[in-house]
Amino acid sequence: GKVEKKLNEIIEEEGAVYLTLLDPEEENIEEIAENVKDYADAIMVGGSIGIVNLDEAVKKIKKITKLPIILFPGNVDGLSKYADAVFYMSLMNSANTYWAITAPTLGAITILKYNLEPIPMAYLCIEPAKKTAVGYVGEIREIPQNKPKIAAMYCLSAKFFGMRWAYLEAGSGAEYPVNNETISLSKKLSGINIIVGGGIRKPEIAYEKVLAGADAIVTGNLLEENPNAVEMMYDAIKKAGREKLK
Ligand code: 1GP
């Protein structure tokens, strides 16, 4: 796949990628896309609740930037033929098999028809995700932060299943992000690409997550709450990436 290859090349050369998550329902999505286009390595589009304007949103972003658009579907309705790729994800620690395997299976034919590049990813909801939208919608069995081995074990399982990415998710707007120990153990044990997101609001936090082993950092809320921080976020991620490569 073209998009995954590109991301892997950047990870290899720069140590980490910065993914910005845009909410398709956001009214000023064009403004946000304009603001992130020089700093993000790719744009993720998706959310857990109420996807109505997905096609329109993706088309609007496409007009502004050539960055790859990767869908981040909250359910089977999170697919658009105008995007480039899709995180083909299993919410492995859901209590409901729907979110772990049925939803992605129901979406598979659509992905094929839309000619979207699937990027296989384990989606793992870590404390405090239960207090966020994904925790409620995804009926999660929350992975505690003081049990990094559990998250790492899921990442290893993901690798054995053939998934090349694992997303350690604290939930959008989370009070605090996934801790460094969980990230480093997950990376060490699995060796697959580790994405970290949820509650990352400060460049210095992104910096330490990359040094801990994150290959990708995701920010969502920040793009609306503090648009000026996007450039600093990018710089911090790349600085940590370079240090990690040394
Ligand atoms: C949500 O991890 C992402 O899936 C982003 O979270 O909105 O807290 O940056 P934030």
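The notes below deal with the structure included here. (Residues numbered from 1 in each chain as written. Predicted model: local features only at pLDDT ≥ 70, side-chain atom pairs only at ≥ 80, totals over all residues. Heavy atoms only, no water.)

## What to know about the nonpolar core
We apply this condition: Buried Ala, Val, Leu, Ile, Met, Phe, Trp, Tyr and Cys residues form a nonpolar core when they are joined through side-chain atoms within 4.5 Å. Exposed residues in this analysis have more than 50% of their type's maximum accessible area, buried residues have under 20%, and partly exposed residues fall in between, with area computed by a 1.4 Å probe over protein chains only. Each helix is a run of H or I in the DSSP string that is no shorter than four residues. Each strand is a run of E no shorter than two, and both are numbered from the N terminus. It only takes one pair of heavy atoms within 4.5 Å for two residues to be counted as in contact.
Formed by 55 residues in total, the largest nonpolar core has its most connected members in Leu71 and Leu124. The element contributing the most residues to this core is helix H10 (residues 229-245), with five residues. For Leu71, the residues in contact, after removing those within four places along its chain, are Val45, Leu54, Val58, Gly78, Leu79, Ser80, Ala83, Ala85, Val86, Phe87 and Leu116. Counting 28 residues, the second largest nonpolar core, distinct from the first, contains Ala42, Phe72, Tyr123 and Val134.

## Section: the packing of aromatic side chains
The condition is simple: Pairing of aromatic side chains requires ring centres within 6.5 Å, counting the rings of Phe and Tyr and the six-membered ring of Trp. Pairs whose planes differ by under 30 degrees are stacked, by over 60 edge-to-face, and all others tilted.
Scanning the entire structure with this criterion turns up six aromatic pairs. Their ring planes at 55° and their centres at 5.9 Å tell us that Tyr39 and Tyr234 sit as a pair that is tilted. In this pair, Tyr39 sits in the loop between helix H2 (29-36) and strand S2 (42-47) while Tyr234 sits in helix H10, placing the two residues 195 residues apart along the sequence. Taking the centre distance of 5.5 Å and the plane angle of 90° together, the rings of Phe72 and Tyr123 count as edge-to-face. Highlighted residues: Phe72 in strand S3 (residues 69-73) and Tyr123 in strand S5 (residues 117-125), separated in sequence by 51 residues. For the pair shown, Phe72 and Tyr123 are each scored as buried. Through a chain of ring-to-ring contacts, three or more aromatic side chains come together here, namely Phe72, Tyr123 and Tyr167.

## A word on the sheet that holds strand S8 (residues 216-219)
Rules: Pairing between strands requires that DSSP locate at least two bridges from one strand to the other. Axis lines are fitted through C-alpha atoms, for helices just across the contact stretch, and the angle between N-to-C directions can take any value from 0 to 180 degrees.
Around the barrel, which closes on itself, the eight strands sit in the order S1-S2-S3-S4-S5-S6-S7-S8 with parallel pairing between neighbours. Taken pair by pair, the neighbouring strands of this sheet meet at an average axis angle of 30°, ignoring direction. In this structure, strand S4 (residues 85-91) lies alongside S5, joined through seven bridges in parallel fashion. Within S5, the residue paired with Ser90 across the bridge is Ala122. H10 rests against strand S1 (17-22) and S8 of the sheet, and its axis sits at about 150° to S1.

## Some remarks on the site of the ligand
As a reminder of what qualifies: For each residue, the test is whether any non-hydrogen atom lies within 4 Å of the molecule or strand; if one does, the residue is near. Definition of a polar contact: a pair of N or O atoms within 3.5 Å, with one able to donate and the other able to accept a hydrogen when the atoms are protein atoms, and with sequence-neighbouring residues admitted only if both atoms are side-chain atoms. Each accessible area is a Shrake-Rupley estimate made with a 1.4 Å probe; only the visible protein chains count as cover when residues are assessed. Under the scheme applied, nonpolar residues are Ala, Val, Leu, Ile, Met, Phe, Trp, Tyr, Cys and Pro; charged residues are Asp, Glu, Lys and Arg; polar residues are all the others, including Gly.
In the vicinity of the ligand, 13 residues are found, and the nearest of them are Tyr167, Glu169, Ser172, Gly173 and Gly220. In the environment of the ligand, an oxygen atom lies 2.4 Å from a nitrogen or oxygen atom belonging to the side chain of Glu169. At 2.8 Å, a backbone N or O of Gly198 approaches an oxygen atom of the ligand. Coverage of the ligand by the protein amounts to 96% of the 310 Å² it exposes when considered alone. Here the residues of the shell around the ligand are counted per class, giving three nonpolar, nine polar and one charged.

From the geometry alone we can't say anything about function, so treat these as descriptive.
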